[in-house]
Structures are given as structure tokens and as C-alpha cells.
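# A look at the structure
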Amino acid sequence: MVIILLISAFETTLFPQNLFFEEYLNPALETREGFQLVMGTGSRFGLPELRTYYVYSTIRSYRLSAQSFGCDLYRENMLKLGGCFALRKVWTVGFSVGLFNNWVQDNFNRFAYSLCIGSIFQTRPMKISGWLDNLNIPRFSNVDYLPLTYSVRFDYQTEHKVDVAFAVRSMEKDLPFFNFGAAFSPYKMIRVGAGVNTDPVYLEYVMELNVGDFIFCYSGSNQQYLGLSHTFDIRFCR
């Protein structure tokens, strides 16, 4: 298990784990009044060794997030601080700095940092966003490093409370892969969505319940060969 994880260190942080949570990676989040706190946990392919815990918070145009992934033998820890500012009324630019810790019991404890920039251009009903992550190519050793990754995304909100999204993503010189899907809000307090990832091919979905200042969210994906992954979080917004 440890050998497998070492080959793909921090792979879970390279791209959004779900099409519907782009703001966790794009630092150019829309400025919001008040405060948001998200606490959650997730498991990949039903394996307890691949469990993730995360906390994410925003205060107006600033954000702070932390994530821990792994088990007692192997662990990846991440802490990110970022912010954004508006160049124009419809154009926002953001940046973030991340501290990464790669730890293996009785073997090593390594650190690296990462730089990310992002942008959002929004004129309803269309939104275009993108980001470049690991600009400095963080290295843990001569062979272990985080590759440069990028994403360009298009969102369209219809008059019938349906949000349609399409994203093109890749890392370094690899061929791009695609995400596409749609989310629907039949009632003010309910949101459901489904999408497809092309490499590897899998289905993903999300269900949200909005109760006052709290949002309860369950999301997941179904990989053809490895099975189901699940994420559950609670959000507090004021």
C-alpha cells in the first residue's frame, strides 16, 4: 500500500475530486460577504487507508484550507492560504500558497510549498474560470514532485435553475481530459447534480440540502474498476 501511494504522492490534490467543487482549487473565488466554514471527510474506493479529512473557510476575499490524507503508515498533509481581488466588476483574480508535508513512518518527513493562480470572468448566465497550480514544481526529492496542472472551465446557468458545466484539465505535457455535467435545484433548499470524468472514466454526483445557515452535502464517484468514493461535509455560511 505504501509503495503504491508513494508513486502518486498528493495525487488527490491535483484536481477537484468532484466537478461541482471547483472553488476548493481555484483561488479566485467570488468575494462574499460574511463567513463560510466547511468541515468534511471522504473515503476512496472503500479503503480506510485512503481516508481524507479537510477544513475550508473563507472570510470575504480570503481563504484558509487544510487537508490530511492517508493512514498511520503514510500521510499527506496540506495547508493553503489564499486571497483574491477584483480587476473589474466581472473579472476576479486570485492566488494561493500551499505548504505540503509528505510523511512515511520510520522513513522520511518531507516538506514543500506550492504556488497557484486563478481567474474568474462572469457575466450571467455565463462564467469562464481557470487556474494554474504548482507553478514552482514543488519537489520532495530528486524523483518525487508535484507537476504543473491547469484547468479551464465553462459554466452556463439556464432560466430553469439548471447549471451546466464543462472543464478541460491536464498536467504538464499530458493530453487533456474532460469533465462535464449539470446540477439542478428543483427547490430552494435542494440541489442535485451528476457528471462524467473522461480520464479515467467515471461517473460523479452530488446532493445538497440547505437548512438555514447550514448546508449538508454528499458527493461521490464510481470508478469502473476501483469502485465507489464518497465525501460528506457540513457547511456553515453567514
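Whatever comes next refers back to the structure up there.
Note that this is a predicted model, so its numbers are computed, not measured.

## Description of the pairing of strand E12 (residues 201-211)
One ladder, built from 9 bridges, connects strand E11 (residues 190-198) with E12; its direction is antiparallel. Paired with Val-196 across the bridge in E12 is Leu-203. Two successive antiparallel strands, E11 and E12, enclose a turn made up of 2 residues. Here 10 bridges tie E12 to strand E13 (residues 214-223), and the two strands are oriented antiparallel to one another. The partner of Asn-210 across the bridge, within E13, is Ile-215. In this structure, the hairpin formed by E12 and E13 is closed by a connection of 2 residues, where Gly-212 is found at a positive phi of approximately 65°.

## Re empty space enclosed by the protein
Within this structure, the stated rule accounts for 2 cavities of 30 Å³ or more. In this structure, the largest cavity occupies an estimated 50 Å³ of space. Around the largest cavity sit Tyr-24, Leu-25, Arg-63, Ser-65, Lys-80 and Ser-96, which together line it. In terms of residue class, the lining of the largest cavity is made up of 2 nonpolar, 2 polar and 2 charged. Of the voids in this model, the second largest cavity is the one considered here, and its volume is about 30 Å³. Each residue belonging to the lining of the second largest cavity can be placed in one class, and the counts come to 4 nonpolar, 2 polar and 2 charged.

## Points about the environment of Arg-153
Examined against the element boundaries, Arg-153 turns out to sit in strand E8 (residues 149-157). For the pair Arg-153 and Pro-176, spaced 23 residues apart in sequence, the C-alpha to C-alpha distance is 13 Å. Setting aside its immediate chain neighbours within four residues, Arg-153 contacts Leu-19, Glu-22, Lys-127, Ile-128, Ser-129, Ala-165, Phe-166, Ala-167 and Arg-169. A polar contact is formed between the side chain of Arg-153 and the backbone oxygen of Leu-19, at a distance of 2.4 Å. At 2.8 Å, the side chain of Arg-153 forms a polar contact with the side chain of Asp-155.

## Observations concerning the environment of Phe-184
Positionally, Phe-184 belongs in strand E10 (residues 177-187). It is 9.8 Å that separates the C-alpha atoms of Phe-184 and Gln-157, two residues lying 27 residues apart in sequence. Those residues in contact with Phe-184, other than ones at most four positions away along the chain, are His-160, Lys-161, Val-162, Ile-190, Arg-191 and Val-192.

## A look at the pattern of salt bridges
Under the defined criterion, the tally for this structure stands at 9 salt bridges. Residues Glu-22 and Arg-169 are paired through a salt bridge, measuring 2.9 Å at the closest nitrogen-oxygen approach. Highlighted residues: Glu-22 in the loop between helix H1 (2-7) and strand E1 (35-44) and Arg-169 in strand E9 (residues 162-171), separated in sequence by 147 residues. Accessibility assignment for this pair places Glu-22 and Arg-169 in one class, buried. A network of salt bridges, in which partner residues are shared, links Glu-22, Arg-153, Asp-155 and Arg-169.

So, how was this worked out
Residues numbered from 1 in each chain as written. Predicted model: local features only at pLDDT ≥ 70, side-chain atom pairs only at ≥ 80, totals over all residues. Heavy atoms only, no water. Pairing = 2+ DSSP bridges. Helix = DSSP H or I, 4+ residues; strand = E, 2+ residues; numbered from the N terminus. 1 Å grid on protein atoms, 1.4 Å probe; cavity = no way out; pocket = protein on both sides within 12 Å on 5 of 7 lines; lining within 4 Å. Points joined across faces, edges and corners; volume = space filled by probe spheres on them. Nonpolar A, V, L, I, M, F, W, Y, C, P; charged D, E, K, R; others polar. Contact = heavy atoms within 4.5 Å. Polar contact = N/O pair within 3.5 Å; in protein donor to acceptor, adjacent residues only side chain to side chain. Salt bridge = Lys/Arg side-chain N within 4 Å of Asp/Glu carboxyl O. Buried < 20%, exposed > 50% of the residue type's maximum accessible area, 1.4 Å probe, protein only.

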